[in-house]
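# Analysis of the macromolecular model
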Amino acid sequence: MSKVKIKPLGDRVLVKHVEEDEQVRGGIIIPDSAKEKPQEAEVIALGTGKTDEAGAKSSFEVKVGDRVLVSKYGGTEVKLDGAVYTLMREDDILGIIG
Amino acid sequence: MSKVKIKPLGDRVLVKHVEEDEQVRGGIIIPDSAKEKPQEAEVIALGTGKTDEAGAKSSFEVKVGDRVLVSKYGGTEVKLDGAVYTLMREDDILGIIG
Amino acid sequence: MSKVKIKPLGDRVLVKHVEEDEQVRGGIIIPDSAKEKPQEAEVIALGTGKTDEAGAKSSFEVKVGDRVLVSKYGGTEVKLDGAVYTLMREDDILGIIG
Amino acid sequence: MSKVKIKPLGDRVLVKHVEEDEQVRGGIIIPDSAKEKPQEAEVIALGTGKTDEAGAKSSFEVKVGDRVLVSKYGGTEVKLDGAVYTLMREDDILGIIG
Amino acid sequence: MSKVKIKPLGDRVLVKHVEEDEQVRGGIIIPDSAKEKPQEAEVIALGTGKTDEAGAKSSFEVKVGDRVLVSKYGGTEVKLDGAVYTLMREDDILGIIG
Amino acid sequence: MSKVKIKPLGDRVLVKHVEEDEQVRGGIIIPDSAKEKPQEAEVIALGTGKTDEAGAKSSFEVKVGDRVLVSKYGGTEVKLDGAVYTLMREDDILGIIG
Amino acid sequence: MSKVKIKPLGDRVLVKHVEEDEQVRGGIIIPDSAKEKPQEAEVIALGTGKTDEAGAKSSFEVKVGDRVLVSKYGGTEVKLDGAVYTLMREDDILGIIG
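Here the residue index of a chain counts from 1 through its sequence in written order. Following the order in which they are written, the chains are lettered starting with A and the ligands numbered starting with 1. Under the rules for a predicted model, residues below a pLDDT of 70 receive no local features and side-chain atom pairs below 80 are neither given nor counted, while totals for whole chains, interfaces and linings still include all residues. Each side-chain value is worked out from all heavy atoms of the structure, with water and hydrogens disregarded.

Next up on the list: the overall build of chain A. Secondary structure elements follow DSSP: runs of H or I of four or more residues count as helices, runs of E of two or more count as strands, with numbering from the N terminus. Looking only at helices and strands, chain A has zero helices and ten strands in total. The helix and strand sequence of chain A, counted from the amino end, reads β-β-β-β-β-β-β-β-β-β. The buried label applies to any residue whose accessible area, calculated with a 1.4 Å probe on protein chains only, is under 20% of its type's maximum; exposed applies above 50%, and partly exposed to all values in between. Looking at chain A as a whole, 49% of its 98 residues qualify as buried. Only the protein chains shown count as cover for residues, with accessible areas throughout obtained via the Shrake-Rupley method and a probe of 1.4 Å. Surface summary for chain A: the accessible area is close to 4,900 Å², and the carbon and sulfur share equals 50%.

Dropping the structure here:
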């Protein structure tokens, strides 16, 4: 895979969608009946950092390579080298799969 | 039961729904007429922690294993090994049954 | 009366509705014309406490046993041993009858 | 007049509506054309106090016995010994008549 | 003119509407096409003061006697001795004419 | 030009619209297709100042005489000596032309 | 290219849209199916700076010359010397391409 060319701004992260047939890895199946369907994704790049009130950068809860559950409707999609990525705020990541 | 594979992010917790026929345990019956129906659930995993303004982590009010009442419409559902789990913010937990 | 089995979370309290025929006790009659009808209730259990910005717990204005006026539409109802209880934030309690 | 039996919670106050035929006292007539009609009322009881961020109680601008102008649609009405009272936040009081 | 009998609460001020035929004084004509029509008014009384986070009172930008431009739809009208007054928050005053 | 007679309140500024035929000066043409059309204007007067949490006044980014781009729909219009002015919060000024 | 004549106010930046046929440079293709289509742009000018609570200026995450991904619907467009620019808050920039 080629090196990713997007650096997310602020508290955003870049995640890459995991294909349907890969999603059974880890044993998590997302039910059809769920009102909001979360999706599996992999963290590709962290943002430049969220700035707190004192002007300091706060660190991210996730790290590059983490498998995460993200809201299907959060963030903004971009396509890079044929794969779909999403730029989203870290707070819209629901949990880390591991 | 197999070990749960999701670590909730931030102030979120992972809860597991308690089946209808188990819900009479504890003597709590949720009335049909209630506008918002709470549901019994069990706390399975705590999040990575809510960060306060000073950058410190604040602790959770609930602990793993607690029986809790949660709003039916809060959070996001995921299915794992056939059981339904919900990722929700701790503030959406109404109370601890005990 | 059996011991209540719900511990409200955070700044929530558990109140028990006072029956219509008991409500004349104390001389308070709630008019039919009022847009929002308050209801008499008794405080049964206090929450685990509201956390202020410094991480300290702030105390409750009400105490267990207080007769209070609550908004009819606030909170979430649960039924326990045949009686109706409501889990509600303390800020939705209008006043203490006494 | 019998002693009032309601202690407002937090930054709320209890006010008693002044009858139409008493409202000309003080020379204030509220025009029919006003979109939001304020009403004259008398402050009967102050709340347990508004808590500021440092946990200290802040004092009320009004005192028991003050004649005030209140928004007609603010607060919640209760009837006590035949008179109509309103539980409202102090910030919804527009001004003191005097 | 008789002494005004209303003390505005908090950060509110009491202003008196200036009649149409008086509004040409000062050379300001408010265009018919403006979406929100401001009105000339005179500041009659200042409120009890806006309280900042430290509990101190902050001072008003306007003073009694100032000619001001106010939003037509802000505040609450009261009639006193035949003249129309408005109780409004100081932040809804657009500017001082002088 | 006669001296302007309005002192904006707080963080507001008074700007004077620049006529269409003057707008080509500076080489900026605002496209017809833009959803929100900004307008050229000149800063005529600064407000009494925005007060920060510590009670101190913060300074303005613009100064009297600056050519600015403002949102067409922000603020409130007043007419003075035949020219159209707008009272608007400084935060609604998009940029300084220079 | 002539020198840009707009200084963005506060935390805004001025960006210049990158033409369609230039957008393949860098390998990023924005999918048609995306609900919110981001656009490539170049940072032309930084604002006068975001002021934090202590009154200090905070620095920008982007710098002049950066290729960025911006929301298609954010900010306000202006045309200068035939090219389309957008004045937008820095927080509406999604990421830096590079």
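Further notes follow.
On to the environment of Lys 72 of chain F. Residues and elements named next belong to chain F. You can see Lys 72 is positioned in the loop between β7 (67-71) and β8 (76-80). Residue Lys 72 is classed as partly exposed on the basis of its relative accessible area, which comes to 37%. The spatial distance from the C-alpha of Lys 72 to the C-alpha of Asp 92 is 9.8 Å, given a sequence separation of 20 residues.

A few words on the pairing of strand β9 (residues 83-89) of chain G. All names here are of chain G. In terms of residue burial, β9 counts as a mostly covered element, since five of its seven residues are buried. Two elements, strand β8 (residues 76-80) and β9, share five bridges in a ladder whose sense is antiparallel. Bridging across to β9, Glu 77 finds its partner in Thr 86. Being paired, for any two strands, means DSSP has found at least two bridges between them.

All names here are of chain B. Most of strand β7 (residues 67-71) sits inside the fold, with five of its five residues counted as buried. Judged by which residues are buried, β7 turns out to be covered on both faces: Arg 67, Leu 69 and Ser 71 on one side and Val 68 and Val 70 on the other are all buried. Note that strand β4 (residues 38-46) and β7 share five bridges and pair antiparallel. Residue pairing across strands places Glu 42 opposite Arg 67, the latter belonging to β7. As judged from the four bridges shared by β7 and strand β10 (residues 93-97), these two strands associate in the antiparallel manner. Bridge assignment links Arg 67 to a residue of β10, and that residue is Ile 97.

Moving on, we get to the side chain of Glu 40 of chain G. Locating Glu 40 of chain G in the fold gives a position in strand β4 (residues 38-46). Definition of a polar contact: a pair of N or O atoms within 3.5 Å, with one able to donate and the other able to accept a hydrogen when the atoms are protein atoms, and with sequence-neighbouring residues admitted only if both atoms are side-chain atoms. Side-chain polar atoms of Glu 40 of chain G contact the side chain of Arg 67 of chain G, separated by 3.1 Å.

Let us now look at the pattern of salt bridges. For side chains of opposite charge, pairing can occur when their charged atoms come near one another. One side-chain nitrogen of Lys or Arg within 4 Å of one carboxyl oxygen of Asp or Glu is enough to make a salt bridge. Inspection of every chain in the model, using the stated rule, returns 28 salt bridges over all chains. The closest approach of N and O atoms between Asp 91 of chain B and Arg 89 of chain C, which form a salt bridge, is 3.2 Å. Of the two residues, Asp 91 of chain B sits in the loop between β9 (83-89) and β10 while Arg 89 of chain C sits in strand β9 (residues 83-89), which places them in two different chains. Residue classification places Asp 91 of chain B among the partly exposed residues on the basis of a relative accessible area of 41%. The class of Arg 89 of chain C is partly exposed, set by a relative accessible area of 29%. Two residues, Lys 63 of chain G and Asp 66 of chain G, come together in a salt bridge whose shortest N-O distance is 3.1 Å.

For Arg 12 of chain D, the position within the fold is in strand β2 (residues 12-17). His residues and chain termini do not enter the charge count, which takes Lys and Arg as positive and Asp and Glu as negative. Buried charge without a salt bridge: Arg 12 of chain D, with Asp 91 of chain C as the nearest opposite-charge side chain at an N-O distance of 4.4 Å. From its side chain, Arg 12 of chain D meets the backbone oxygen of Asp 91 of chain C in a polar contact 2.7 Å long. Side-chain polar atoms of Arg 12 of chain D contact the backbone oxygen of Ile 93 of chain C, separated by 3.1 Å. Contact between two residues is taken to exist if any of their heavy atoms lie within 4.5 Å; hydrogens are not considered. Residues in contact with Arg 12 of chain D, not counting those within four places in the same chain, are Asp 91, Asp 92, Ile 93 and Leu 94 of chain C together with Leu 46, Gly 47, Phe 60, Met 88 and Arg 89 of chain D.

Before going further, it helps to examine the environment of Leu 94 of chain G. Topologically, Leu 94 of chain G is positioned in strand β10 (residues 93-97). As a C-alpha pair, Leu 94 of chain G and Val 68 of chain G span 26 residues in sequence and 7.3 Å in three-dimensional space. Setting aside its immediate chain neighbours within four residues, Leu 94 of chain G contacts Pro 8, Leu 9, Arg 12, Thr 76 and Leu 87 of chain A together with Pro 38, Leu 69, Val 70 and Ser 71 of chain G.

Note that all results are geometric; they support no functional claim without further evidence.
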